[in-house]
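Spelled out from the first residue to the last, the chains are:
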Amino acid sequence: MSKLKQDLPSEEETDEDFMTRITQPRIWTIFKSEFIFQVFIDERFDEILDMFKNNYIYEESLCSNNSLSSDQDSIDQFLYLIKHWISDTLSSIVIEKSSGKCIGIIVCRFCSIEDNSLEFSRLRLYEGEKWNIIQNFKNYLSQKVDIYKYYKSVAFFRVYAWFIIPPYRGQGLGKKLLECVIDQQLPEMVHLGCNVISGIFTNKKSQGIASSLGLKTLYEVNYTEWANQNNVVLTENVKPENATVSVMACQITKK
């Protein structure tokens, strides 16, 4: 691989090189020489929204279990929130080099104990019946696990969404995406008192990947049982691998 411009010694760097370097999106890694893992940039906004609209709402476990795609108000509410979540610019994406297409994303946000207005920390009404069901369930989980108290931390990194589009699965891309956040992005937050990453993992596959990277299960619940107890009608074909939902987290050590 040729030497990257950002690696040139300062005495060799022209003004043009400098401007190119500081305006380029930050790259976490290049995987298998085919996939670029980098920070999210606004130019990819519409592409990411299409990914959530055309894939995520049909395939993510809680969305599919609740038939979110059948409720336009819920779809609109979800896409509105996605726009808000990724506006923090702490999310990362995967790009296929050959096509230039974005094929995956992990949406993360910095959560501080000083800001307790998180949507999971208190009951809140949203547009859309299906989305309210999902958020009520997540609110239930947030009440079961206090990440700040458990890790004695003033802040943590929350995973809001994590997704690779179907044709590119099975290549380790999802794992590498989460790994980049844990090993490269999170350590940069330590000076802000943030050395914990946590998320709600909604199927066996994602739970297995998270576990392999050091996240441990803090609370686990069978979603079908919760739904029955709360008079929530689910789809008839809830798969066993999509029935268990886990709150998982890990704390990194200072280097």
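What counts as what
- Here the residue numbering is sequential within each chain, running from 1 through the sequence in written order.
- Only residues with pLDDT of 70 or above have their local features reported here, since the model is predicted, and side-chain atom pairs are shown and tallied only from 80 upward, although totals for entire chains, interfaces and linings are computed over all residues.
- The side-chain numbers reported here are obtained from all heavy atoms of the structure, hydrogens and water having been left aside.
- The term salt bridge refers to a side-chain nitrogen of Lys or Arg lying within 4 Å of a carboxyl oxygen of Asp or Glu.
- Relative accessibility thresholds used throughout: buried, under 20% of the residue-type maximum; exposed, over 50%; partly exposed, between the two (1.4 Å probe, protein chains only).
- Working definition: helices are DSSP H or I runs of at least four residues, strands are E runs of at least two. Numbering for both runs from the N terminus.
- One requirement defines pairing of two strands: DSSP has to find at least two bridges between them.
- Viewed with both strands pointing away, a crossover whose connecting path from the first strand over the helix to the second turns clockwise is right-handed.
- In this scheme Phe, Tyr and Trp rings, the latter by its six-membered ring, pair at centre separations within 6.5 Å, and the angle between planes marks the pair as stacked below 30 degrees, edge-to-face above 60, and tilted otherwise.
- Charge over a ring is defined by NZ of Lys or CZ of Arg lying within 6 Å of the ring centre and within 35 degrees of the ring normal.
- Interaxial angle, 0 to 180 degrees, is taken between N-to-C directions of lines fitted to C-alpha atoms, where a helix line uses only the stretch in contact.
- We call two residues in contact whenever any of their non-hydrogen atoms come within 4.5 Å of each other.
- Here, expected helix span is obtained from the residue count minus one, scaled by 1.5 Å.
- Side-chain atoms within 4.5 Å link the members of a nonpolar core, which is a set of buried Ala, Val, Leu, Ile, Met, Phe, Trp, Tyr and Cys residues.

- The name given to the chain in an unreviewed UniProt entry is N-acetyltransferase domain-containing protein, and the organism recorded there is Aphis glycines.

Observations regarding the pattern of salt bridges
Reasoning step 1: All told, the structure shown has 4 salt bridges when counted by the stated rule.
Reasoning step 2: A salt bridge links Glu47 to Arg44, with the shortest nitrogen-to-oxygen separation between them at 2.8 Å.
Reasoning step 3: A relative accessible area of 27% means that Glu47 is categorised as partly exposed.

Quick notes on the pairing of strand 5 (residues 155-164)
Reasoning step 1: For strand 5, the buried fraction is high: 10 of the 10 residues fall into the buried class.
Reasoning step 2: As paired elements, strand 4 (residues 102-112) and strand 5 share 9 bridges and run antiparallel to each other. Paired with Gly104 across the strands is Ile164, a residue of strand 5.
Reasoning step 3: With 4 bridges connecting them, strand 5 and strand 6 (residues 194-201) associate as parallel partners. The partner of Ala155 across the bridge, within strand 6, is Cys194.
Reasoning step 4: After leaving strand 5, the chain enters helix 7 (residues 173-185) and then returns to the sheet as strand 6, a path that is right-handed.

Describing the packing of aromatic side chains
Reasoning step 1: Scanning the model with the defined rule gives 18 aromatic pairs in all.
Reasoning step 2: Judged by centre distance (6.3 Å) and plane angle (25°), the rings of Phe137 and Tyr140 are stacked. Of this pair, Phe137 and Tyr140 both sit in helix 5 (residues 129-144), separated by 3 residues, roughly a single helical turn.
Reasoning step 3: When the ring of Phe137 is compared with that of Tyr223, the centres are 4.6 Å apart and the planes differ by 70°; the resulting orientation is edge-to-face. Remark: Tyr223 occurs in helix 9 (residues 223-229) and Phe137 occurs in helix 5; sequence separation between them is 86 residues. Tyr223 shares its class with Phe137; the two are buried.
Reasoning step 4: Through pairs of rings, three or more aromatic residues link up here, namely Phe52, Tyr56, Phe78, Trp131 and Phe163.
Reasoning step 5: Over the ring of Tyr160 we find Arg109; its NZ or CZ atom is 5.6 Å from the centre of that ring.

As for the sheet that holds strand 7 (residues 216-222)
Reasoning step 1: Judged by pairing direction, the sheet is mixed, and its 8 strands sit side by side in the order 1-2-3-4-5-6-8-7 without closing on themselves. Looking along the sheet, the strands with just one partner apiece sit at the ends: strand 1 (27-31) and strand 7. Averaged over all pairs of adjacent strands, the angle between their axes in this sheet comes to 20°, without regard to strand direction.
Reasoning step 2: Here helix 2 (residues 45-59) sits on the sheet and contacts strand 3 (92-96), strand 4 and strand 5; the angle it forms with strand 4, its principal contact strand, is near 90°.
Reasoning step 3: The sheet contacts of helix 7 involve strand 1, strand 2 (35-39), strand 3, strand 4, strand 5 and strand 6, and relative to strand 5 the element is tilted by about 160°.

A word on helix 7
Reasoning step 1: Under the 1.5 Å per step criterion, the end-to-end length of helix 7 is 17 Å for 13 residues, consistent within 8% with the ideal 18 Å.
Reasoning step 2: Regarding helix 7, the residues found buried are Leu173, Gly174, Lys176, Leu177, Leu178, Cys180, Val181, Ile182 and Gln185.

Details of unusual backbone geometry
Reasoning step 1: Even without a glycine there, the phi angle at Lys152 is positive, about 50°.
Reasoning step 2: Looking at where Lys152 falls in the secondary structure, it is placed in the loop between helix 6 (147-151) and strand 5.
Reasoning step 3: By relative accessible area, Lys152 is classed as exposed at 77%.
Reasoning step 4: Its identity is not glycine, yet Asn231 carries a phi of approximately 55°, on the positive side.

Thoughts on the nonpolar core
Reasoning step 1: Phe37, Ile48, Phe52, Phe78, Phe157, Leu178 and Ile197 are the most contacted members of the largest nonpolar core, which totals 86 residues.
Reasoning step 2: The contact partners of Phe157, leaving out residues within four places of it in the chain, are Leu90, Cys108, Arg109, Phe110, Val181, Gln185, Leu186, Met189, Cys194, Val196, Ile197 and Ser198.

Notes on the environment of Val181
Reasoning step 1: Following the sequence through the fold, Val181 ends up in helix 7.
Reasoning step 2: On the accessibility criterion, Val181 (1% relative accessible area) is buried.
Reasoning step 3: In this structure the C-alpha to C-alpha distance between Val181 and Phe157, which are 24 residues apart in sequence, comes to 9.3 Å.
Reasoning step 4: With sequence-adjacent residues up to four places away left out, Val181 is seen in contact with Ile106, Cys108, Phe157, Leu186, Pro187 and Ile197.

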